[in-house]
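Examining the three-dimensional arrangement
The lines below spell out each chain.
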Amino acid sequence: TTDGTPDDDLPTIETEKKTILTKSLSQLRKSATMINVTEQCIELPQSLPFSTIVYGKNYDPNDREKDIENIKNFESIETEAIRIIRLIFDKYIFVGSEMELNLSHRLRRRCLDKLSYVEQMDDIELEHMFDKCCGSLLKLMQDSYLRFKATPGFNEYEAKLKKKIIQ
């Protein structure tokens, strides 16, 4: 680049926030359904199953005592977090993985770079390991939803739903 920094250098958090907010504001003007993934949360349905990678196969959200006992058996929270991160990479991030996510080459490479030093990360870095992946996937889904929303099929569905509500 002209300023002497390599192209692969990551932008600062403040630069990223400004870029995202600027884009989000311009997109918000276009549609009220836009999601600013840095500031808004997505509410998932209660019926959504819990991750077996994170919670284990026999997890019962109503059995707090068993959950607390399992946590006590961890070697350390950091070790458990790293184990979970590695399993998530195996299932979703690595090219050719079982349920490979649609991530850009650049984002996937950054994730793999982070994985190479995951053992040296602090709690905060471990906690936010997949933030950019989540944001990227939400953006991808949002774009698809907006395209779908512009189709005649969606308009027909919406009209039928409105009639049903009025009745």
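To be clear, the structure that these remarks concern was listed above.
Here goes a summary of the coordinates provided. Positions within a chain are numbered from 1, following the residues in the order the chain's sequence is written. Side-chain atom pairs in this predicted model are given and counted only at pLDDT of 80 or more, local residue features only at pLDDT of at least 70, and totals for whole chains, interfaces and linings cover all residues. By convention in this description, side-chain values take in all heavy atoms of the structure and omit both hydrogens and water.

Things to note about the pattern of salt bridges
Each reported salt bridge corresponds to a side-chain nitrogen of Lys or Arg within 4 Å of a carboxyl oxygen of Asp or Glu. The full count for this structure, using the stated rule, is 5 salt bridges. In this structure, Arg108 and Glu100 form a salt bridge, with 3.4 Å as the shortest nitrogen-oxygen distance. Exposed residues in this analysis have more than 50% of their type's maximum accessible area, buried residues have under 20%, and partly exposed residues fall in between, with area computed by a 1.4 Å probe over protein chains only. Residue Arg108 is classed as buried on the basis of its relative accessible area of 7%. On the accessibility criterion, Glu100 (36% relative accessible area) is partly exposed.

Quick notes on helix H7 (residues 131-149)
Helix and strand definitions here come from DSSP, where helices need a minimum of 4 consecutive H or I residues and strands a minimum of 2 consecutive E residues; each element is numbered from the N-terminal end. Take the number of residues in a helix, subtract one, and multiply by 1.5 Å to get its expected span. For H7, spanning 19 residues, the distance from its first C-alpha to its last is 26 Å, which sits close to the expected 27 Å at 1.5 Å a residue. Residues Cys133, Gly135 and Gln142 constitute the buried set of H7. On its buried face, H7 is in contact with helix H4 (77-93) and helix H5 (105-116). Should any heavy atoms of two residues lie within 4.5 Å, those residues are counted as being in contact.

Overview of the packing of H4 against H5
Here the axes come from fitting lines to C-alpha atoms, over the contacting stretch only for helices, and the angles between their N-to-C directions go from 0 to 180 degrees. Here H4 crosses H5 at 155°, and the two axes come no closer than 12 Å. Overall, the two elements H4 and H5 adopt an arrangement that is roughly antiparallel. With respect to the hand of their crossing, H4 and H5 are arranged in left-handed fashion. Contacts between H4 and H5 involve Ile85, Arg86, Phe89, Tyr92 and Ile93 from the former and Arg108, Cys111, Leu112 and Leu115 from the latter. Partitioning the contact of H4 with H5 into residue classes produces 7 nonpolar, no polar and 2 charged. For this classification, under 35 degrees means roughly parallel, over 145 means roughly antiparallel, 65 to 115 means roughly perpendicular, and everything else is oblique. Working rule for handedness: look at the near helix, and if it is turned counterclockwise from the far one by less than a right angle, call the crossing left-handed; if clockwise, right-handed. Ten residues, namely Ala, Val, Leu, Ile, Met, Phe, Trp, Tyr, Cys and Pro, are considered nonpolar, four, namely Asp, Glu, Lys and Arg, are considered charged, and the remaining ones, Gly among them, are considered polar.

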